[in-house]
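Listed below, chain by chain, are the residues.
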Amino acid sequence: MADNQEPAITEDFLSAALKTRLNAIHVEVTDMSGGCGASFTSLIVSPDFVGKNSLKRHRLVNAALKEEIARIHAWSAKCQTPDEYAKEKAATGGNDGPPMDGTNAEGKVEGVAE
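Residues numbered from 1 in each chain as written. Predicted model: local features only at pLDDT ≥ 70, side-chain atom pairs only at ≥ 80, totals over all residues. Heavy atoms only, no water.

With that out of the way, let us pick up the environment of Thr 10. Position of Thr 10 relative to the elements: it lies in the segment before helix 1 (11-22). When its relative accessible area of 36% is taken as the criterion, Thr 10 is described as partly exposed. Sequence separation between Thr 10 and Thr 30 is 20 residues, and the spatial gap between their C-alpha atoms is 8.9 Å. Separated by 3.0 Å, the side chain of Thr 10 and the backbone nitrogen of Phe 13 make a polar contact. (Helix = DSSP H or I, 4+ residues; strand = E, 2+ residues; numbered from the N terminus. Buried < 20%, exposed > 50% of the residue type's maximum accessible area, 1.4 Å probe, protein only. Polar contact = N/O pair within 3.5 Å; in protein donor to acceptor, adjacent residues only side chain to side chain.)

Below you can see the structure in the form of C-alpha cells.
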C-alpha cells in the first residue's frame, strides 16, 4: 500500500518551495506557532515582484503555495523586489526579517489575555 501522506509543512519546506516556485533570491520563513506548523510569517525577495503592486505580489505567493496555505491556520508574507530589499537592509542595518510583533523568542504569542 502506497504512503499518501503529505509532507509536513515546516519553515524549510516553505522556504524551498518559495525559492523554486517564485525564483526567490532570499526567503525567511518563521514558524510562529511554536513548532506545530500552524502559523507562519515570511519575507520573500523575488525579481518576479518587479512592476507588481502589493496585492499582485501576494496573489503570486498565495497561488504558489495554494496547497500548503490550505493546510495551515495563518500565513503572512512581506514581499519585496531585490532593489527594495537592498534599500531596506541598508536603512535598517540588516534588521529586515518578517514582522514578529507580539512573538517572544520561543515563537509564542505574547500579550494575549487568557
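Still more to cover.
This part takes up the pairing of strand 1 (residues 26-31). Burial of strand 1 is one-sided: the residues Val 27, Val 29 and Asp 31 facing one way are buried, the residues His 26, Glu 28 and Thr 30 facing the other way are not. In this structure, strand 1 lies alongside strand 2 (residues 39-45), joined through six bridges in antiparallel fashion. From the neighbouring strand, Val 27 faces strand 2, where its bridge partner is Ile 44. (Pairing = 2+ DSSP bridges.)

Another aspect to go through is the sheet that holds strand 1. Spatially, the three strands line up as an open sheet ordered 1-2-3, and their pairing is mixed. Taken across any chain shown, the strands that pair with only one partner, and hence form the sheet edges, are strand 1 and strand 3 (74-80). Within this sheet the neighbouring strands show an average axis-to-axis angle of 10 degrees, counted without direction. Sitting on the sheet, helix 4 (residues 82-92) touches strand 1, strand 2 and strand 3, and the angle it makes with strand 3 is about 90 degrees. (Axes fitted to C-alpha atoms, helices over the stretch in contact; angles between N-to-C directions. Contact = heavy atoms within 4.5 Å.)

Attention now goes to the environment of Ala 8. Topologically, Ala 8 is positioned in the segment before helix 1. In the structure, Ala 8 is positioned 60 residues away from Glu 68 in sequence and 9.5 Å away in space, judged by C-alpha atoms. If we ignore the near neighbours within four places in the chain, the residues touching Ala 8 are Phe 13 and Arg 71.

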